[in-house]
Amino acid sequence: MQKTITKHVYAAALFLGLSLLSFASHAVEFDEAKVQIREIALAVEYAHSFEQRATGLMHRKSLCDNCGMLFKYSRPRIAGMWMKNTFIPLDVAFIDDQGKITDIRGMQPHDLTSINSSTEVLYALEMNLGWFAKHNVNVGDIVEVAIPK
């Protein structure tokens, strides 16, 4: 009986925490990172803390043509993304610790399916759906990243 109550309290606390994180997502601030893919130079939002990565591009209604968000993980890992509370169709490029794009995957608004990298990566770069194809950016291309200290 005690284990059941503990599980329910834990589940309720987890739900409340995630709900508050979602509610507070509008207040999350992001730094800026510089990204270069061949001759294309971009200034993108930079999500490196857990809170920033959990919030990502949630609740945004639009994203300018060359705007995006760079996610940096604490260490190389199989990364997964989903589109909870995200209104913009996006592409994600998963990038390994050498800067090589390992995967480019499309994601649709509000889809809760986890989109995973095929190998361990250090970064993920989200851009508008079709951006990578439009700019002829492909798996195997090298991404140079300059992040704030």
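Read on for an overview of the structure. (Residues numbered from 1 in each chain as written. Predicted model: local features only at pLDDT ≥ 70, side-chain atom pairs only at ≥ 80, totals over all residues. Heavy atoms only, no water.)

1. Some thoughts on the sheet that holds strand β1 (residues 31-37)
Here is the rule: Two strands are said to pair when DSSP picks up at least two bridges between them. Helix numbering and strand numbering both begin at the N terminus, where a helix is a DSSP run of H or I of at least 4 residues and a strand a DSSP run of E of at least 2. To obtain an axis, a line is fitted to C-alpha atoms, over the contacting stretch when the element is a helix, and the angle between two such axes runs from 0 to 180 degrees between their N-to-C directions.
Pairing within the open sheet is mixed, and its 7 strands lie in the order β6-β5-β8-β3-β2-β1-β9. Both edges of this open sheet fall to β6 (101-107) and β9 (143-146), since each of them pairs with a single strand only. For this sheet, the mean inter-axis angle between neighbouring strands, taken without regard to orientation, is 30°. Here strand β3 (residues 68-77) pairs with strand β8 (residues 121-128) via 6 bridges, running antiparallel. Looking at the pairing, Phe-71 lines up with Ala-124 of β8.

2. What to know about the packing of aromatic side chains
The geometry of an aromatic ring pair comes down to the distance between the two centres and the angle between the two planes. The condition is simple: Any two of the Phe, Tyr and Trp rings considered here, Trp counted by its six-membered ring, make a pair once their centres fall within 6.5 Å; the pair's planes then place it as stacked at under 30 degrees, edge-to-face at over 60, or tilted in between. Put simply, a charge is over a ring when the Lys NZ or the Arg CZ is close to the ring centre, within 6 Å, and near the line of the ring normal, within 35 degrees.
Applying the stated criterion across every chain, the model contains 1 aromatic pair. Directly above the aromatic system of Phe-87 lies the positively charged group of Lys-61, at a separation of 3.5 Å from the ring centroid.

3. Topic: the state of the cysteines
Applied cut-off: In plain terms, two cysteine sulfur atoms within 2.5 Å form what is called a disulfide here.
Tallying each qualifying case throughout the model produces 1 disulfide. Disulfide pairing places Cys-64 opposite Cys-67 at an S-S distance of 1.7 Å. Classification of the bridge connecting Cys-64 and Cys-67 rests on its S-S torsion, roughly 85°, and on that basis the disulfide is right-handed.

4. As for the side chain of Ser-117
Keep this limit in mind: Exposed residues in this analysis have more than 50% of their type's maximum accessible area, buried residues have under 20%, and partly exposed residues fall in between, with area computed by a 1.4 Å probe over protein chains only. Definition of a polar contact: a pair of N or O atoms within 3.5 Å, with one able to donate and the other able to accept a hydrogen when the atoms are protein atoms, and with sequence-neighbouring residues admitted only if both atoms are side-chain atoms.
Position of Ser-117 among the secondary structure elements: in the loop between β7 (115-116) and β8. Here Ser-117 falls in the buried class, since its relative accessible area comes to 6%. Among the polar contacts listed, one links the side chain of Ser-117 to the backbone oxygen of Thr-119, at a separation of 2.8 Å.

5. A short note on the pairing of β8
By the criterion of burial, β8 is predominantly enclosed, with 8 of the 8 residues buried. Bridging between strand β5 (residues 90-95) and β8 involves 6 bridges; their strand directions are antiparallel. Following the sheet pairing, Leu-90 is matched in β8 by Asn-128.

6. Details of the environment of Ile-37
The line we're drawing: By definition, residues are in contact when any of their heavy atoms lie within 4.5 Å.
By the secondary structure assignment, Ile-37 is in strand β1. Leaving out residues up to four positions away in the same chain, Ile-37 has contacts with Leu-125, Trp-131, Phe-132, Val-137, Asp-141, Ile-142 and Val-143.

7. Description of the pattern of salt bridges
Filter applied, for reference: Any Lys or Arg side-chain nitrogen located within 4 Å of an Asp or Glu carboxyl oxygen qualifies as a salt bridge.
Within this structure, the stated rule accounts for 4 salt bridges. Residues Arg-38 and Asp-141 are paired through a salt bridge, measuring 2.7 Å at the closest nitrogen-oxygen approach. Separated by 103 residues along the polypeptide, Arg-38 in the loop between β1 and β2 (40-47) and Asp-141 in the loop between α3 (131-134) and β9 bring together distant segments of the chain. Arg-60 is the salt-bridge partner of Glu-45, the closest N and O atoms lying 2.8 Å from each other. Pair noted here: Glu-45 is in strand β2 and Arg-60 is in the loop between α2 (50-55) and β3, with a separation of 15 residues, a long-range link. When its relative accessible area of 23% is taken as the criterion, Glu-45 is described as partly exposed. Residue Arg-60 is classed as partly exposed on the basis of its relative accessible area of 22%. A single salt-bridge network, built from bridges that share partners, covers Arg-38, Glu-39 and Asp-141.

8. Describing unusual backbone geometry
With a phi close to 55°, Asn-85 is a non-glycine residue in the positive phi region. You can see Asn-85 is positioned in the loop between β4 (80-81) and β5. On the basis of relative accessible area, Asn-85 is assigned to the partly exposed category, the value being 22%. Even without glycine at this site, His-110 takes up a positive phi of about 65°. With respect to the secondary-structure elements, His-110 resides in the loop between β6 and β7.

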